Amino acid sequence: MALRQIGFPVSNIDPVPGYQAYNEPSGPDRAVRRRATTRRTTITICTIADTAAALLGLWILLFLLDANRANVFVEFVRGTADWLSWWSQDIFTMDTEGLRVVLNYGLPAVIYLLIGHGIAARLNRA
């Protein structure tokens, strides 16, 4: 049975409708989609870096203000800050407890900001 008799178009050489053929140039839509995807990726990276730095900064603030450590929220912030700054614990050993917390939790906050925003800036330039 011929394909024309069933109603299939025989003259269509496109293997799958909607896909770009090899001989067609990529249009501006592809560049726009690529820029939009890159922008969403950079916003996500910046948001993660900012959130990590904000949690570390919040723990520094709560510690300096002598917040109640039995509080669930304070314990959550402390646990998260400890998890984010595990690699920098006890780099600075000061006699003053407040200065030690500021340095040991502030250093990772600054590094997260620098690395996160640096990666995002590099992606925006590419």
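Let me sum up the structure you'll find in this document. (Residues numbered from 1 in each chain as written. Predicted model: local features only at pLDDT ≥ 70, side-chain atom pairs only at ≥ 80, totals over all residues. Heavy atoms only, no water.)

**A short note on helix H3 (residues 72–84)**
With 13 residues, H3 extends 18 Å between its outermost C-alpha atoms, agreeing within 8% with the 18 Å of an ideal straight helix rising 1.5 Å per residue. Val74, Val77, Thr80, Ala81 and Leu84 are the residues of H3 that are buried. Buried residues of H3, seen end-on, are gathered within an arc of 130° and therefore sit on one face of the element. Opposite the buried face of H3, by more than 90 degrees, sit the exposed residues Val72, Phe76 and Trp83. (Helix = DSSP H or I, 4+ residues; strand = E, 2+ residues; numbered from the N terminus. Expected span 1.5 Å × (residues − 1). Buried < 20%, exposed > 50% of the residue type's maximum accessible area, 1.4 Å probe, protein only. Arc of directions from axis to C-beta.)

**What to know about the environment of Thr44**
In this structure, Thr44 sits in helix H2 (residues 28–64). For Thr44, a relative accessible area of 43% corresponds to the partly exposed category. Along the chain, Thr44 and Ala120 lie 76 residues apart, while their C-alpha atoms are 8.9 Å from each other.

**Re the nonpolar core**
Ranked by size, the top nonpolar core spans 14 residues in total, and within it Leu56, Trp59, Leu62, Ala81, Val101 and Tyr105 carry the most contacts. For this core, the elements supplying multiple residues, two or more each, are H2, H3 and helix H4 (97–125). At 7 residues, H2 tops the list of elements feeding residues into this core. Aside from chain neighbours lying at most four places away, what touches Leu62 is Ala67, Phe73, Val74 and Val77. (Core = buried A, V, L, I, M, F, W, Y, C linked by side-chain atoms within 4.5 Å. Contact = heavy atoms within 4.5 Å.)

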